[in-house]
Structure formats: structure tokens, C-alpha cells
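Examination of the molecular architecture
The lines below spell out each chain.
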Amino acid sequence: MNRLAKTLLVAALVGVVGMAFRVSWNALRDIANAVGADATAATLYPFVVDGLMALALVATLVLAGRDRTFALRVLGTYTGAPLVLNYVHGLVPDLHGRTVDWGQLADWDPANWALVLLATSLPVGSIYFGSDLVAKVLHHRPAPIEQPTANAEESAETIRNRSKADLPVSTPEPITANPLPLPRAVAVGFLKSTLPLKQLPAIESPAVRPIEPRPLAAESSRPRRATGRVPEAARPSRPKRTPDQLLAEAREATAGWPDAKLTGEGIRREVHTSPANARVLRDTLRAERGLKAA
């Protein structure tokens with residue numbers, strides 16, 4: 001479609017919208033007067049309702065996706081609401097002469113309440129939905145359209161031409177190169193030449209006898225268990241001394257000791273006995289010397 005046709009189409013649309021706005025002007029103005037609007041508010045009321053319809057139509061043409069669906073819903077809502085108000089205006093002749101009471105659009109109270117709510121909520125809805133649609137249009141960024149390049153068109157045309165079956169010259173066969181035989185490689189010595197060494201007689205190695213395997217005791221991986229009593233053969237040969245013998249040895253060993261040196265540890269080391277026996281011997285010797293037991 002050329003530019004002239006588009007211009008005529010838009011002009012026709014504007015004319016139809018303007019005439020439809022003028023037709024519904026009286027109905028919307030009388031409805032505004034019936035719900036309590038003054039003369040100035042009643043005059044502006046049709047601009048508010050029909051103006052939002054025009055704004056929703058423009059937003060529908062610009063937006064895409066979910067935003068476009070939202071704009072279509074607003075457009076449908078503000079198209080149906082004036083339709084209902086125009087229908088009520090046609091059913092109630094008293095609205096034409098402004099002889100009805102304020103807030104009385106229908107004889108049945110529930111229907112009257114619903115109509116008054118609809119008529120009074122349209123201006124407030126125009127403020128909300130109009131602001132939202134303008135914000136969506138201002139923040140909308142269309143997706144970039146990829147422009148086909150001239151090289152792509154030429155390559156497509158070339159491929160299309162090559163795919164035809166009636167080409168005058170067929171594709172030439174691939175040329176295979178004739179391999180030439182290369183001469184054999186000759187070994188070249190790059191190392192420094194050396195003089196031949198004097199040959200030495202070979203040394204005869206003595207005969208080696210094989211090692212005969214010997215039986216070994218098998219090692220057990222299990223840990224050794226604790227044994228019981230020590231056998232009599234493993235015990236020391238020193239006989240066990242009686243208390244009298246220990247006391248006699250202690251007297252002989254500590255005869256020249258001072259009283260301060262007479263301790264259980266010293267007696268144990270000297271007599272080679274247990275700590276318990278050493279303490280008993282210490283107490284006995286101190287008692288013999290007239291000292292107090294420690």
C-alpha cells in the first residue's frame with residue numbers, strides 16, 4: 001500500500017471517530033449532569049471517556065505482547081461502558097430534558113446503583129489507565145529488525161543458479177597430482193672420526209652356581225597373644241627372702257647412715273626390695289633408733 005492510500009485510510013478513520021464522538025456527546029453529557037456534575041464537568045466528561053479510548057487504540061498499535069493485551073482490555077472496557085450509558089440514555093427520556101433527580105438513572109435500585117458507580121468511576125479510571133498506557137508506550141522499545149545484506153542476496157542467487165540442471169558446463173573433475181619418486185636418503189656422518197682402538201682379548205667370566213632355595217619358617221601375620229605365667233626356668237634364681245632376712249640386711253646396710261638419710265627409697269635401692277617392704281623396714285629401723293615413724 002502506497003503512502004497516499006495510507007493517508008486516506010487514516011483520514012477516514014479520524015472522520016468516523018469524530019462523528020461517533022459527536023453522536024455520543026449528548027448521552028454522556030446528560031449522564032454526567034444526572035450524576036451531579038456541573039456544566040463544565042458535564043462538557044468535559046465525553047472528552048475524558050472517548051479520549052481514553054483513542055489513547056488505548058494508539059497504545060494497541062504501538063505495544064506488543066502482554067502490554068498490547070492490556071491496552072486491548074482497556075479499549076474494550078471503555079468501549080462497553082459508553083455503550084451501556086448510551087443505552088440507558090435512550091431508555092430514559094427524562095434524561096434529555098434534565099428532569100430526573102440526581103443519581104436516578106433507573107427505577108430499580110440495584111441497577112441504579114450499578115449505573116451510578118459506572119458513570120462516576122470512568123473519569124478516575126481514565127486517570128489511572130491513561131497514565132499506565134502512556135508509561136508503557138514511552139518505555140517501549142521495539143525489537144530490532146535484521147536488514148538483509150546485499151552479499152547474502154548475491155550468494156543466494158549464486159546458489160540458486162548453481163542448483164539448476166541445465167548448466168552449460170559441468171563441474172570439472174578434481175586434478176590429481178602425479179607423485180614423483182624421491183631419491184633414497186644417504187646417511188652422512190656429522191660426528192668426529194675416531195681412531196680404531198686395539199682389540200683386547202675377551203675375559204672369561206667364572207661360572208656362577210645357582211642359589212639353591214632353602215626352606216624358611218612361615219611368618220604369621222597374626223599378632224602374638226599375651227602369654228600366661230612366666231615359667232620357673234625363666235624366673236631369676238635369687239631365692240625369696242623372709243622379712244627377718246630383709247630386716248637383717250637393712251640393719252647391716254644402714255648401720256652407718258645418719259637419721260636424715262634413713263628413708264624408704266634409700267632402703268629400697270640398697271636392699272633391692274619392693275617399695276612396700278622398704279617402708280616397713282624404714283619404720284622398723286626408725287623405731288629401733290627411737291625416732292618417730294614418717
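First, a word on what this report is: a plain description of the structure on this page. Worth saying up front: this structure is predicted, and the values here are computed from it rather than measured. (Residues numbered from 1 in each chain as written. Predicted model: local features only at pLDDT ≥ 70, side-chain atom pairs only at ≥ 80, totals over all residues. Heavy atoms only, no water.)

1. Re the environment of Arg29
Examined against the element boundaries, Arg29 turns out to sit in helix 2 (residues 25-34). Along the backbone, Arg29 and Leu95 are 66 residues apart, and their C-alpha atoms lie at a distance of 9.9 Å. Not counting residues up to four positions away in its chain, the partners in contact with Arg29 are Ala42 and Pro46. Of the polar contacts made by the side chain of Arg29, one reaches the side chain of Asn26; its length is 3.3 Å. (Helix = DSSP H or I, 4+ residues; strand = E, 2+ residues; numbered from the N terminus. Contact = heavy atoms within 4.5 Å. Polar contact = N/O pair within 3.5 Å; in protein donor to acceptor, adjacent residues only side chain to side chain.)

2. Notes on the layout of surface pockets
Reported here for the largest pocket is a volume of approximately 440 Å³. Elements supplying a minimum of two residues to the lining of the largest pocket: helix 1 (3-23), helix 3 (39-62) and helix 4 (66-91). For the lining of the largest pocket, the element with the most residues is helix 3, which contributes 6 residues. The class makeup of the residues in the lining of the largest pocket is 13 nonpolar, 3 polar and 1 charged. (1 Å grid on protein atoms, 1.4 Å probe; cavity = no way out; pocket = protein on both sides within 12 Å on 5 of 7 lines; lining within 4 Å. Points joined across faces, edges and corners; volume = space filled by probe spheres on them. Nonpolar A, V, L, I, M, F, W, Y, C, P; charged D, E, K, R; others polar.)

3. Section: helix 5 (residues 109-138)
With 30 residues, helix 5 extends 43 Å from end C-alpha to end C-alpha; this agrees with the ideal 44 Å at 1.5 Å per step. Most pronounced at Leu122, the bend in helix 5 amounts to some 35 degrees, and the proline Pro123 follows within four residues. The set of residues buried in helix 5 consists of Asn112, Leu115, Ala119, Leu122, Gly125, Ser126, Gly130 and Leu133. Looking at the buried residues of helix 5, the elements they touch are helix 2, helix 3 and helix 4. (Expected span 1.5 Å × (residues − 1). Bend = angle between axes of the 7 residues up to and from the residue. Buried < 20%, exposed > 50% of the residue type's maximum accessible area, 1.4 Å probe, protein only.)

Geometric descriptors of this kind do not, in isolation, establish any biological role.
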